[in-house]
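Residues per chain are reported as follows:
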Amino acid sequence: MYKNIKWTIIPVLGVNLLVNAQLSEIYYDKNYQINTAKDLYNQEAYRGTQYIVNDLINFNHLESYQQEIASFYDALIGLILQDEGAENNYNAFVVKYPQSAMVESSHLQLGNYYLSRQYYDVAEEELSQVNIEKLPSGKRADQYIKLGYAQFMMQDFENAEKSLQKGRTTGKYKKQITYLLGHIAYAKGECAEAKEKFSSLAEDPEFTEKVRPYLVQIYFNDGEYDLAISNGKSLLKQNKHPEIALEISKIIGESEFRKQNYTEAEPYLKTYIQKAQDPTLADYYQMGYVLYQENKYEGAVNYFNKIIVGDISPISQNAYYQLGNSYLKIGKKKEALTAFKAASEMDFDKTIQENAYLNYAKLSYDVGNPYTSASRVLNEYLKTYPHSEYKQEIRELLIKSYINSGNFAEASQLLDQIPDKSPQLLIKEQEVSYAYGVQLYNQGEIEAASHQFEKAKKLKNNSQYYLRSLYWNADCQYLLGNYQVAIENLNSLQKSGGNIPESQQIPYQKGYAYLKLKKFTEAGQSFEEYLKNPKSRYKSDAELRLADAYLGSNNLDRAVDFYNKVASLQDQDGEYSQYQKALVYGLKNDQKNKIIELEKFVKKYPQSENIVNAYFELGLAYAETENYTKSDLNFQKVIDTSKNNDMVARSYLSKADNSYSQKEYQRAINEYGYIADQYPQTDYALQAVNGAKSAFIEGGRVKEYEIWAKKKGYSINSSDAEELAFLAAEKDYLEKKYTSAAQEFKLFLSNYAHTNRQTTTKYYLGDSYFQLKQYDQAIEVLKPVASSPNEYQEDALYRLSKIYLKQEKENDARLALEALYKITSNEGYKSFVELELMYIYSEEKEYSKANDMAIKVLANSKNPENVKEQASLIKARGLYFSGKLKEARNMFANLEKSTHNSVKAEALYYNALFKSKDKKYDASNTVIYTLTSQYSDQQYWGAKALLIMSDNYYNLKDNYQASYILEQIIANYKEYPDLVSEAQNSLSKIKK
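Residues numbered from 1 in each chain as written. Predicted model: local features only at pLDDT ≥ 70, side-chain atom pairs only at ≥ 80, totals over all residues. Heavy atoms only, no water.

Caption draft 1: Examining the environment of Tyr285 more closely. Counting through the fold element by element, Tyr285 comes out in helix H16 (residues 281-293). Exposure remark for Tyr285: the relative accessible area of 14% places this residue in the buried category. Remark: the alpha-carbon pair of Tyr285 and Ser631, spanning 346 residues in sequence, is separated by 95 Å. Non-local contacts of Tyr285, meaning those with residues more than four positions away in its chain, are made with Phe304, Ile315, Asn318, Ala319 and Gln322. (Helix = DSSP H or I, 4+ residues; strand = E, 2+ residues; numbered from the N terminus. Buried < 20%, exposed > 50% of the residue type's maximum accessible area, 1.4 Å probe, protein only. Contact = heavy atoms within 4.5 Å.)

Okay, structure coming up:
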């Protein structure tokens, strides 16, 4: 209800009443001079009175009663005139005449005097000390009126009412008393009584202008809006009360508002808001609502937006709801969503709350939701209002949002919660399962993707989703090492007779699976079938794999034919074919052609990843043709250039074997000895010791061998029991019986602490623990293997790297990866290291190093597209943080085409950031809505983008939207304290 206005129109009682303070009413004397003094006193000629009184006091012949009267006048007038020493003079009179009737009459005289001078506080204090009931009966009513008036003016309404009621016995001041009592009733909120009293005076010329402002207020309070309006307008027109004109305008405007006369209400409400010092939320709400009803939506938004963010009240709930409606009218759906969200979170008016929630849910689907996923909002609406008349409509939007949003994880979970699905919904469920599987596949979560494809397969309806799930599940099974299961899925797909975009690739996929199973004949048949109608992108690879299949089935001539076919290509496939062709000649024991092809290879591909292998194979081929000089030359090239300890050790052994073959036994013994020293307790060392043994024997120096072997730390009589124990453990290991293998290797090391097979045994034991996911035990035994050169050093570093990555020990992983990268020539290991170091350097913000690795990842054609995409993302980050914004912008723009939510979300974030930097704030906000609504599973990038959106609105002068967004970040993203802190700082800036 509108609060009563505190009017200041207070009447002054009649002059005769206020100044009627004649001493003759209290005391009478016939003495002429004293009577003269009384007359002058009654005429307020106080100095004249004081002169006569002082003159009287100076005569010694005054009677005592005359002396008392004169002294009283002198003391009283001194107080009235505030003469110096007046109070002491009056107190001296009271002491001298303690029983004087004049003392009590002084309160009456002083009270009446101060009342006439409008010193109401002093008047009330003095008059309250008068015993009115002792006054003559004809004078009591007037005195009660005087006391009541003083109390009234001091806002002591309770006592004023009592005094005035006692004074009503006289009709002399009836109207004034009625007015005062009306005002008291008004002040106490007793509007009916106030209205009655004021109405009785409304036609009285003396009071009509005084009571009409009160009546305007009372009419409004009583809902008599027509009377409030007509009387209010009349008052404004007469302009006799300019001090209350603003309040009258407010009453008129609000009365018209209550009558839904919005056009008539507008000018009065606008006048009040523009001139009032502190308009309320209700004032802004009414003004906004009036403009909304007049279709002035921009103006309505302006007033609704003045509502303080964070205010929780019925008015703010209404205002947020109408703000949302206003935004809808001007086509600002995104801003409307925020307003409806705020209204839906308040429960003062349940109907408004439900309607706001409905609009919020619909808009979440329509334009996206930056705060949470549209599907979540729709689902929560159904939970909150299960009997809503819009239930079916919202459910349909919910189902559509599952697919449109790309948030398939949440979609799948929510679909699982819906019982008794209709056939149409089951089809949608299959679609979601398939799409979720593809999403997981692209994210590298192969096992999880396989589960989703299996789910889609079970919902059999021979749709495209069923057939494509067969295909992609086969691919998942292949990547998981379940090659036979992959083939079975592909066979089922072929038998179905269905046609899907991937149908052409089925033989190609089967061929790879058969190769892994070493079913080379079936692999060859599959690749032959594929090559009847290949995709150009995969043709050369299929020919290479067909050649590999022929090689595996020992059809060497056909293998050479296909390697020759691909070798002419100027790419990695041509390089691989050239190398493989040389190896096939070696298998055919055609060392001459093997040498020719390898020499071509090293000349044509000096930077090849296989260059070290080619040198090694040339060394073997020349040794077979007894060209030991060239053989040693190539083995030395391996030793000089290779980072691979295994290749280096094998090359040293091969050179020693060449010396032995040339009967240069001493040189052979020296070379074997070097190997035993460099690779202690390894298989290489054992081979070297055995090679040296043969050299000693052939050189006729058998007795020296025992001494030589002992110096190298090897026993010449190997224990049969030791060998049998090792071979038993190794058998279990090779058969992947890792539990028993680990037990046996551990026992072996305990029983044979000084075994020559210590390095091999520790690697096998560590790898067994790795396969069993017993990572701490694996680390313990693999670290010594990884710390020194041996044939298992690379493998140990690889295993350690993977363990540290799984355990999220980033620093340990980095050290292991960097150590592996320094020594390996294994292309698989190099690719792995480059990728993981790229991620680590990026996380540690070492953008230059991350960029170097990203370039290598991108240059490796064997890397899958999703890996290359991650490399492009990291490279784009590096460009941005190094200030190369143009190149970064281009790379991020390309990454928006990604099928990975995480990649696309980050790319969209930078798109929005660049647009904001370009001051294209609306365009930036549009991108952010796309990010937050379609990729709501990417919470970090969504929250980070909301900071940009808030800044955009701030620059657009929309502080409400800017503040509200920051409040949402602070409330809902506590898991990102850095973003919350930034939001708090920005909010403080806005509120300053």
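Further notes follow.
Caption draft 2: Highlighting the pattern of salt bridges. All told, the structure shown has 42 salt bridges when counted by the stated rule. The salt bridge involving Lys270 is made with Glu266; its shortest N-O contact spans 3.2 Å. Note that Lys270 and Glu266 are positioned in helix H15 (residues 262-275) at a spacing of four residues, about one turn of the helix. The partner of Arg537 in a salt bridge is Glu865, with the nearest N and O atoms 3.8 Å apart. Of the two residues, Arg537 is situated in helix H30 (residues 536-552) and Glu865 in helix H48 (residues 865-881); the sequence distance between them amounts to 328 residues. Across the pair, exposure class does not vary: Arg537 and Glu865 are exposed alike. Here the salt bridges do not stand alone but share partners, grouping Arg814, Glu818, Glu844, Glu846 and Lys849 into one network. (Salt bridge = Lys/Arg side-chain N within 4 Å of Asp/Glu carboxyl O.)

Caption draft 3: Fine view of helix H33 (residues 591-604). Its 14 residues place the ends of H33 20 Å apart at the C-alpha level, agreeing with the 20 Å of an ideal helix rising 1.5 Å per residue. Inspection of H33 places Gln591, Lys594, Ile595, Glu597, Leu598, Phe601 and Val602 among the buried residues, and these make up the whole buried set. Buried positions along H33 lie against helix H32 (572-587) and helix H34 (611-624). (Expected span 1.5 Å × (residues − 1).)

Caption draft 4: Structural view of helix H7 (residues 120-127). When H7 is considered as a whole, its buried residues turn out to be Tyr120, Ala123, Glu124, Glu126 and Leu127. End-on, the buried residues of H7 take up no more than an arc of 165°, which puts them together on one face. (Arc of directions from axis to C-beta.)

Caption draft 5: Quick look at the UniProt feature "repeat: TPR" (unreviewed entry) in the protein chain. When the UniProt feature table is mapped onto this chain, "repeat: TPR" (unreviewed entry) is found at residues 317-350, 540-573 and 612-645. Regarding residues 317-350, the helix share stands at 76% and the strand share at 0%, and the terminal C-alpha atoms are separated by 10 Å. For the annotated span residues 612-645, helix accounts for 82% and strand for 0% of the residues, and the straight-line distance between the end C-alpha atoms is 12 Å. (UniProt positions renumbered as here; feature names shortened; annotations may be inferred.)

Caption draft 6: Expanded view of the environment of Lys172. Position of Lys172 relative to the elements: it lies in the loop between helix H9 (157-167) and helix H10 (174-187). Among the residues examined, Lys172 registers a relative accessible area of 53% and is labelled exposed. Measuring from C-alpha to C-alpha, the distance between Lys172 and Gly497 comes to 114 Å, with 325 residues separating the pair along the chain.

Caption draft 7: Quick peek at the packing of helix H25 (residues 446-458) against helix H26 (residues 464-479). In contact at an axis separation of 9 Å, H25 and H26 are set at 150° when each is read in the N-to-C sense. Relative to H26, the element H25 is oriented roughly antiparallel. The chirality of how H25 crosses H26 is left-handed. Together, Ile446, Ala449, Ser450, Phe453, Glu454, Ala456 and Lys457 of H25 and Tyr466, Ser469, Leu470, Trp472, Asn473, Cys476, Gln477 and Leu479 of H26 make up the contact between the two elements. (Axes fitted to C-alpha atoms, helices over the stretch in contact; angles between N-to-C directions. Parallel < 35°, antiparallel > 145°, perpendicular 65-115°, else oblique. Left-handed = near helix turned anticlockwise from the far one by under 90°.)

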